[in-house]
Amino acid sequence: MMEEKTEKNKKPSTIIVSRCMEFRIKPDDEQKILIWKTFGCCRFVWNHLLDERISYEKVNKGKLLNTTPAHLKKENPFLSEVDSMALINTQLNLNQACMKLFPKGKAPKFRKKGNDKRSYTTNWINNNIEIIHKGDRENYIKLPKLGRVHIILHRSIPDGWKMKHATVKETASGKFFISLTFDAEIESKETIREFKKIEAFDYSMPSLVVSSSGENDITKDDIRWYRNIEERIAKEQRKLSRMQYGSANYWHQKHRIGKLHEKAMNRRKDFLHVLSHDVADVFDAVVVEDINLQHMSRSLNFGKAVYDNGYGMLREMLAYKLNEQGKVLVKVNKFFPSSKQCSACHAINHDLQLSDREWTCKSCGTHHDRDKNSCKNLLDEEKDILNRWDSGDSSLILAPSGVLSEKKLHPQTLCNVRQDGE
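Residues numbered from 1 in each chain as written. Predicted model: local features only at pLDDT ≥ 70, side-chain atom pairs only at ≥ 80, totals over all residues. Heavy atoms only, no water.

(A) Structural context of the overall build of the protein. The helix and strand tally for the protein stands at twelve helices and 15 strands. Projected onto the principal axes, the alpha-carbon positions of the protein cover approximately 80 × 75 × 55 Å. Across the 422 residues in the protein, those meeting the buried criterion constitute 40%. If you take every contact in the protein between residues at least 6 apart in sequence, the share linking residues at least 24 apart comes to 66%. (Helix = DSSP H or I, 4+ residues; strand = E, 2+ residues; numbered from the N terminus. Buried < 20%, exposed > 50% of the residue type's maximum accessible area, 1.4 Å probe, protein only. Contact = heavy atoms within 4.5 Å.)

(B) Looking closely at the confidence of the model for the protein. Scored by pLDDT, the protein comes out at a mean of 87, with 94% of its residues at no less than 70. A low-confidence stretch, residues 1-8 stays under pLDDT 50, and its non-local contacts, those more than four residues away or across chains, total zero contacts. Across residues 410-422, confidence stays below pLDDT 50; counting only partners more than four residues off in sequence or on other chains, it has eleven contacts. (pLDDT = per-residue confidence, 0-100.)

(C) Representation of a positive patch on the surface. Where like charges cluster on the molecular surface, the positive patch consists of Arg24, Lys26, Arg256 and Lys259. Of all the secondary-structure elements, those providing two or more residues to the positive patch are strand E1 (14-26) and helix H7 (248-282). Checked against the element boundaries, Arg24 lands in strand E1. (Patch = residues over 30% accessible without salt bridge, like charges linked within 9 Å, V, L, I, M, F, W, Y side chains within 5 Å. Areas by Shrake-Rupley, 256 points an atom, 1.4 Å probe, with all protein chains shown as cover. Salt bridge = Lys/Arg side-chain N within 4 Å of Asp/Glu carboxyl O. Lys, Arg positive; Asp, Glu negative; His and termini not counted. Charge placed at Lys NZ, Arg CZ, Asp CG, Glu CD.)

(D) Just the packing of helix H6 (residues 230-241) against H7, in detail. Packing of H6 against H7 brings their axes to within 9 Å, and their N-to-C directions diverge by 165°. By the angle between their directions, the pair H6 and H7 is classed as roughly antiparallel. Of the two possible hands of crossing, H6 and H7 adopt the one that is left-handed. Of the residues in H7, those in contact with Arg232, Ile233, Glu236, Gln237, Lys239 and Leu240 of H6 are Tyr250, Gln253, Lys254, Arg256, Ile257, Leu260, His261 and Lys263. (Axes fitted to C-alpha atoms, helices over the stretch in contact; angles between N-to-C directions. Parallel < 35°, antiparallel > 145°, perpendicular 65-115°, else oblique. Left-handed = near helix turned anticlockwise from the far one by under 90°.)

(E) Expanded view of H6. Between its first and last C-alpha atoms H6 spans 16 Å; for twelve residues at 1.5 Å apiece the expected length is 16 Å, and the two agree. Those residues of H6 not exposed but buried are Glu230, Ile233, Glu236 and Leu240. Across the axial projection of H6, the buried residues extend over an arc of 125°, all falling on one side. (Expected span 1.5 Å × (residues − 1). Arc of directions from axis to C-beta.)

(F) Up close: the side chain of Asn89. Relative to the elements of secondary structure, Asn89 occurs in helix H4 (residues 84-101). A distance of 2.8 Å separates the side chain of Asn89 from the backbone oxygen of Thr121, its partner in a polar contact. With near-sequence residues (within four places) excluded, Asn89 lies in contact with Thr121, Thr122 and Asn123. (Polar contact = N/O pair within 3.5 Å; in protein donor to acceptor, adjacent residues only side chain to side chain.)

(G) Highlighting the sheet that holds E1. Here we have seven strands laid out as an open sheet, ordered E2-E6-E7-E1-E5-E4-E3, and antiparallel in their pairing. The open sheet terminates on both sides in strands that have one partner only, identified here as strand E2 (119-123) and strand E3 (130-133). Taken over all neighbouring pairs, the strand axes of this sheet differ in orientation by 35° on average, direction set aside. Where strand E6 (residues 162-170) meets strand E7 (residues 176-187), eight bridges bridge the pair, whose relative direction is antiparallel. The residue bridging Thr167 from the neighbouring strand is Ser179, located in E7. (Pairing = 2+ DSSP bridges.)

(H) Region of interest: the nonpolar core. If you look at the biggest cluster of nonpolar residues, it comprises 37 residues, and the most contacted ones within it are Ile25, Tyr120, Ile141, Leu143, Ile178 and Leu180. Per element, the largest residue contribution to this core is ten residues, and it comes from helix H2 (residues 29-59). Non-local contacts of Ile141, meaning those with residues more than four positions away in its chain, are made with Ile25, Ile129, Glu130, Ile131, Gly147, Arg148, Val149, Ile151, Ile178 and Leu180. Judged by nonpolar contacts, the second largest core, of 33 residues, contains Ile223, Leu275, Ala280 and Ile291. (Core = buried A, V, L, I, M, F, W, Y, C linked by side-chain atoms within 4.5 Å.)

(I) Up close: the state of the cysteines. Overall, the coordinates contain zero disulfides when judged by the stated rule. Free of any disulfide, Cys98 has its nearest cysteine sulfur in Cys42, 16 Å distant. Among the cysteines around Cys364, which has no disulfide bond, Cys345 carries the closest sulfur, lying 3.6 Å off. (Disulfide = S-S within 2.5 Å.)

(J) The packing of aromatic side chains, seen in detail. A complete count under the given rule lists ten aromatic pairs for this structure. Each ring, one from Phe195 and one from Trp389, has its centre 6.4 Å from the other, and the planes form 50°; the classification is tilted. You can see Phe195 sitting in the loop between E7 and strand E8 (198-204) and its partner Trp389 sitting in helix H11 (residues 370-390), a full 194 residues away along the chain. Judged on exposure class, the residue Phe195 and its partner Trp389 are both buried. Connected via pairs of aromatic rings, a cluster forms that spans Tyr245, Tyr250 and Trp251. Over the ring of Trp389 we find Arg193, and its NZ or CZ is 3.9 Å from the ring centre. (Phe/Tyr/Trp six-rings, centres within 6.5 Å; stacked < 30°, edge-to-face > 60°. Lys NZ or Arg CZ within 6 Å of the ring centre and 35° of its normal.)

Spelled out as structure tokens, the structure:
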């Protein structure tokens, strides 16, 4: 009886996680000017501190100079007009970039005015960032130096979330957004061990993915968000090329082009969010291929096709949405011959070419659709990986993000796998 009471009164364990919510803001003209000044000052600080660190690293190999933006304010008083935390965060980001690249003999790039990322980050300190409600549709956010800025709260912020920092950014279409990052306390969910429903996704460039169940097959009519408006973008870009740089018409036209790009981006994100949400709710585990999309985009002029379908974004969405429910995303090694292996007899067809969409196995005579055969092989491999993980196989690792995959092998081992399993 005492044990039963203890189990009933036992509270579920909680963990602290970061949650980010993005809202649109509508600053007035004076606030826009100050935001643009902050972007410019952050770029100014980045370039000057980077020049100091590169010069110092050439003389003192292996050592990193860690100066703050304070000494720059003496000679450049305009830096005091903007939020000091934005400049400090720029310095911290630069330090991380230098620590990562200097040991490799590389250096971060200097920021150019026309191509610079238009955003800055400020930290929450002593309620310097605060959301003010004045009505159902009249809400403001108080920001350092900017004061009250009109914000569109399209969803409510849960109680108990503690704000950490805020990032203000301007998109290519001229719209302003703010990303608020919070520390949220949630109940920790243990990873399930009984996988009743599992799904396999095989990457398909024309149609994004092909599923083993057939319930989540995507056609090319569902995607091609950028391709569908590519001609319109090209037409608007031709107009831009005939305008004088820096004129009012130039910036208006540039915003028109930005709106078209954002239209494709928003459609892509919406479709992938809906797809990943539906899959995460139905299935206990999903398997995908751990292919290198960046290398694929550089080969055979596949760049636009690879980046347009958003397969990498889909994998990230599936990972965190499955993880929130205690489920698992399985990543199969990129050297696994899912397309060349016969799903019936497991013989490998070394003569299979990329253009072969159907093929017949020479060993057992089974006729295969290339994508469906790959899905079956991935599904079998997923079952094998899940069984090995359940039995405590040390060659598998479950990352905190909820991704289950093989541990990274030595380069020489990878070469042997490539020769045997290609």
